[in-house]
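Listed below, chain by chain, are the residues.
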Amino acid sequence: LLWDYYCIRKDRMRKVNGKEPAEVSVWHGTRSHSPSLVYEDKQDGFMMQYCESGMWGKGIYFAEKASYSDSYAHRNASRQKVLMLTKLLTGEETHVMPHNRGLRFPPNKPNGVRYDTVTGDTGGSKVYVVYENGRAYPEYLVTYTS
């Protein structure tokens, strides 16, 4: 069901932007709750309702580099770290530097339609922020020790 929702969002982005939306594989950590809340969910998967405000406002954050997401990794019962390698619909992105903690959605493009994704750089990684459910699909659960 999460894959179906992701495909619906992808189709909608295609219609809004008039082209195939860009996709990337990125990392996501769920430090304060089990990743199973994402991958076992039958409706939304990654949910804005679990988000806290960060450097680019209240959104769902993903990182290009696993080393950045490591500090957000969840610890399982065996004290191993857990991250998700995620497929993310980035669509049309805008790079916002310096950060803007007041964001609640991406800024507008020159044509008045909002960008799909905000990006920025921090901790040696490019970071992607989306402000709506359904734009990410948890492809892999990665468990490791450090």
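Now for a description of the structure that goes with this document.

Reading the values: rules and limits
- Residues numbered from 1 in each chain as written.
- Predicted model: local features only at pLDDT ≥ 70, side-chain atom pairs only at ≥ 80, totals over all residues.
- Heavy atoms only, no water.
- Salt bridge = Lys/Arg side-chain N within 4 Å of Asp/Glu carboxyl O.
- Helix = DSSP H or I, 4+ residues; strand = E, 2+ residues; numbered from the N terminus.
- Buried < 20%, exposed > 50% of the residue type's maximum accessible area, 1.4 Å probe, protein only.
- 1 Å grid on protein atoms, 1.4 Å probe; cavity = no way out; pocket = protein on both sides within 12 Å on 5 of 7 lines; lining within 4 Å.
- Points joined across faces, edges and corners; volume = space filled by probe spheres on them.
- Nonpolar A, V, L, I, M, F, W, Y, C, P; charged D, E, K, R; others polar.
- Phe/Tyr/Trp six-rings, centres within 6.5 Å; stacked < 30°, edge-to-face > 60°.
- Core = buried A, V, L, I, M, F, W, Y, C linked by side-chain atoms within 4.5 Å.
- Contact = heavy atoms within 4.5 Å.

## Some thoughts on the pattern of salt bridges
Tallying each qualifying case throughout the model produces 11 salt bridges. One salt bridge connects Glu-20 with Lys-10, and the closest N-O pair in it is separated by 3.6 Å. Of this pair, Glu-20 sits in the loop between α1 (2-17) and β1 (23-28) while Lys-10 sits in helix α1, placing them 10 residues apart in sequence. Judged by relative accessible area, Glu-20 falls into the partly exposed class, the value being 47%. The class for Lys-10 is buried, based on a relative accessible area of 17%. In this structure, Lys-15 engages Asp-11 in a salt bridge whose closest nitrogen and oxygen atoms are separated by 3.2 Å. Within this pair, Lys-15 and its partner Asp-11 are both found in helix α1, separated by four residues, close to a single helical turn. Lys-15 sits in the exposed class, given a relative accessible area of 64%. Taken together, the shared-partner salt bridges connect Lys-10, Asp-11, Arg-14, Lys-15, Glu-20 and Glu-23 into one network.

## Comments concerning the layout of surface pockets
Over the atoms, a rolling probe the size of a water molecule traces out where space has been left empty. In this structure, the largest pocket occupies an estimated 640 Å³ of space. Lining the largest pocket are 28 residues, with His-28, Gly-29, Glu-52, Tyr-61 and Tyr-72 sitting closest to its centre. Breaking the lining of the largest pocket down by element, the ones donating at least two residues are β1, α2 (36-39), β2 (53-54), β4 (60-63) and α3 (66-69). Counting residues per element, the lining of the largest pocket draws most heavily on β4, at four residues. Residue composition of the lining of the largest pocket, grouped by class: 16 nonpolar, 10 polar and two charged. Of the volumes computed, that of the second largest pocket is approximately 240 Å³. If you go around the second largest pocket, you meet 15 residues; those closest to its centre are Arg-12, Arg-114, Tyr-115, Asp-116 and Glu-132. Residues belonging to the lining of the second largest pocket are distributed by class as follows: seven nonpolar, one polar and seven charged.

## Quick notes on the packing of aromatic side chains
Each pair of aromatic rings is reported with the distance of its centres and the angle of its planes. Per the stated rule, a full pass over the model turns up five aromatic pairs. Ring geometry for Trp-3 versus Tyr-6: centroids 5.3 Å apart, planes at 25°, classification stacked. Of this pair, Trp-3 and Tyr-6 both sit in helix α1, three residues apart, which is roughly one turn of the helix. With relative accessibility at 38%, the residue Trp-3 sits in the partly exposed group. Where Tyr-68 meets Tyr-72, the ring centres are 5.8 Å apart and the plane angle is 40°; that geometry is what we call tilted. In this structure Tyr-72 comes out as partly exposed when scored by relative accessible area, which is 33%.

## What about the environment of Lys-65?
Locating Lys-65 in the fold gives a position in the loop between β4 and α3. With 58 residues separating them along the chain, Lys-65 and Gly-123 place their C-alpha atoms 9.5 Å apart.

## Let's talk about the nonpolar core
In terms of nonpolar packing, the biggest core is built from 12 residues, these being Val-26, Val-38, Phe-46, Met-48, Cys-51, Ile-60, Phe-62, Met-84, Leu-88, Tyr-128, Val-130 and Ala-136. Put simply, the parts of the chain that give this core at least two residues each are β4, β6 (81-89) and β9 (125-130). Setting aside residues up to four positions removed in sequence, Met-48 forms contacts with Lys-58, Gly-59, Ile-60, Val-130, Tyr-131, Glu-132 and Asn-133. Core analysis: the second largest hydrophobic core is formed by nine residues, Ala-63, Val-96, Leu-103 and Tyr-131 among them.

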